[in-house]
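Commentary on secondary and tertiary structure
Spelled out, the chains give:
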Amino acid sequence: MAGAIYKPGQGYWVRVMTAVGAGVLVLATAAWAASQAGLITPPVAGYDVAVAGVEGTVAEGAQVELYERSATGLERIGSGTVVSADLSAATPTVRVGDTQMEDERFEGDTERLRTADGSFSASVAAQPRTAYTFSRVYLQGGAAGLVLLLGAAFIYWHIALRKPSVEFLINTDNEMKKVNWSTRREVIGSTWVVVAASLLIAAALFLIDLMFQQVFSLMGVLETG
């Protein structure tokens, strides 16, 4: 049957631990993909402008002009289209999109909004904030989810369905069962042998070093303090 696990139950632990190890790599890759996706800037939907001293009303689709205060008064720095307006909220906000700015001017410089016919006018209470079409979180989640989905499918294909790789894992499990594992007593005894041999070699090298030091000092090659 398509999608059925090939030789289920055989090579169980090798297949499980291989899946766990591959899963850790997939999780690390998903985390990396999410961090890289966080560096991507989503498309800009407009700029949210908190306004105060509102005079008149403005509707969606209306054209507004952006002004900045200067020594000579208000100076026009650009224009845009009202995407949405909520003037009845505790903090009235107007979202302006499709902005067209004068040379070397930016949306963040806006200090006043006004329609060309004067039906709406308001001062900017806080620096306009960029509004994106969607949050970076969705982009990061999508990137991580895609990596997890592809990784899970890849692992399942090689661990459960693909005959050559499954046969390799099963054979590995069979060979592992043939290994003659050392007993606890043998491991402890071998460890002590290694420790003792290391200490003896270190002591021998120390004595040889002292001997050469004395020989070279007698020859005048090495000065001793």
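Structure: above.
To start, this report covers the structure provided alongside it. (Residues numbered from 1 in each chain as written. Predicted model: local features only at pLDDT ≥ 70, side-chain atom pairs only at ≥ 80, totals over all residues. Heavy atoms only, no water.)

Turning next to the pairing of strand E3 (residues 73-86). Each regular strand carries side chains that alternate between the two faces of the sheet. Pairing between strand E2 (residues 63-70) and E3: eight bridges, direction antiparallel. When the sheet's bridge partners are listed, Val64 is paired in E3 with Gly80. The pairing of E3 with strand E4 (residues 93-101) spans seven bridges and is classified as antiparallel. Residue pairing for E4: Asp86 is matched across the bridge by Thr93. Between E3 and E4, which pair antiparallel in sequence order, lie six residues. (Pairing = 2+ DSSP bridges. Helix = DSSP H or I, 4+ residues; strand = E, 2+ residues; numbered from the N terminus.)

One way to put it is that helix H1 (residues 12-37) packs onto helix H3 (residues 163-177) with a least axis distance of 8 Å and a crossing angle of 120°. On the basis of their axis angle, the class for H1 and H3 is oblique. The element H1 and its partner H3 pack so that their crossing is right-handed. The residues of H3 that touch H1, namely those facing Val14, Arg15 and Thr18, are Val166, Leu169, Ile170, Thr172 and Asp173. Tallied by class, residues from the contact of H1 with H3 come to four nonpolar, two polar and two charged. (Axes fitted to C-alpha atoms, helices over the stretch in contact; angles between N-to-C directions. Parallel < 35°, antiparallel > 145°, perpendicular 65-115°, else oblique. Left-handed = near helix turned anticlockwise from the far one by under 90°. Contact = heavy atoms within 4.5 Å. Nonpolar A, V, L, I, M, F, W, Y, C, P; charged D, E, K, R; others polar.)

Counting 13 residues, the largest nonpolar core has Val49, Val51, Val64, Val94, Val96, Leu113 and Phe120 as the members making the most contacts within it. Those elements that place two or more of their residues in this core are strand E1 (44-56), E2, E3, E4 and strand E6 (120-124). In terms of residue count, the dominant contributor to this core is E6 (three residues). Every residue in contact with Leu113, bar those within four places of it in the chain, is listed here: Val49, Val51, Glu65, Leu66, Val94, Val96, Phe120, Ser121 and Ala122. Judged by nonpolar contacts, the second largest core, of five residues, contains Val26, Ile155, Ile159 and Leu169. (Core = buried A, V, L, I, M, F, W, Y, C linked by side-chain atoms within 4.5 Å. Buried < 20%, exposed > 50% of the residue type's maximum accessible area, 1.4 Å probe, protein only.)

Before going further, it helps to spend a moment on the environment of Leu161. Of note, Leu161 is situated in helix H2 (residues 136-161). Each C-alpha atom, one on Leu161 and one on Arg112, is 65 Å from the other, the two residues being 49 residues apart in sequence.

For the coordinates displayed, the defined rule picks out eight salt bridges. For Arg76, the salt bridge goes to Glu102, with nearest N and O atoms at 2.8 Å. Of the two residues, Arg76 sits in strand E3 while Glu102 sits in the loop between E4 and strand E5 (112-115), which places them 26 residues apart along the sequence. A relative accessible area of 36% places Glu102 in the partly exposed class. (Salt bridge = Lys/Arg side-chain N within 4 Å of Asp/Glu carboxyl O.)

This model, assessed by the stated rule, comprises two aromatic pairs. Between Tyr12 and Trp13 the ring centres are 5.1 Å apart and the planes differ by 80°, which places this aromatic pair in the edge-to-face class. Judged by centre distance (6.1 Å) and plane angle (25°), the rings of Phe212 and Phe216 are stacked. Of this pair, Phe212 and Phe216 both sit in helix H4 (residues 184-218), four residues apart, roughly one helical turn. The aromatic ring of Tyr132 is capped on one face by Arg136, whose charged end is 5.5 Å from the ring centroid. (Phe/Tyr/Trp six-rings, centres within 6.5 Å; stacked < 30°, edge-to-face > 60°. Lys NZ or Arg CZ within 6 Å of the ring centre and 35° of its normal.)

Moving on: empty space enclosed by the protein. The final tally for this structure, using the stated rule, is one cavity of 30 Å³ or more. Forming the walls of the largest cavity are Tyr47, Val49, Leu66, Val96, Thr99, Glu107, Thr110, Leu113 and Pro128. Taken together, the elements giving at least two residues each to the lining of the largest cavity come down to E1 and E4. Of the residues assigned to the lining of the largest cavity, the class counts are six nonpolar, two polar and one charged. (1 Å grid on protein atoms, 1.4 Å probe; cavity = no way out; pocket = protein on both sides within 12 Å on 5 of 7 lines; lining within 4 Å. Points joined across faces, edges and corners; volume = space filled by probe spheres on them.)

Bringing H4 into the picture now. For H4, built from 35 residues, the straight-helix expectation of 51 Å at 1.5 Å per residue is met to within 8% by its first-to-last C-alpha distance of 52 Å. Of the residues one or two after H4, Gly220 is the one with positive phi, at around 80°. (Expected span 1.5 Å × (residues − 1).)

Attention shifts here to the packing of H1 against H2. Packing of H1 against H2 brings their axes to within 8 Å, and their N-to-C directions diverge by 160°. By the angle between their directions, the pair H1 and H2 is classed as roughly antiparallel. Classified by chirality, the crossing of H2 by H1 is right-handed. Classifying every residue of the contact of H1 with H2 by side-chain character gives 16 nonpolar, six polar and one charged.

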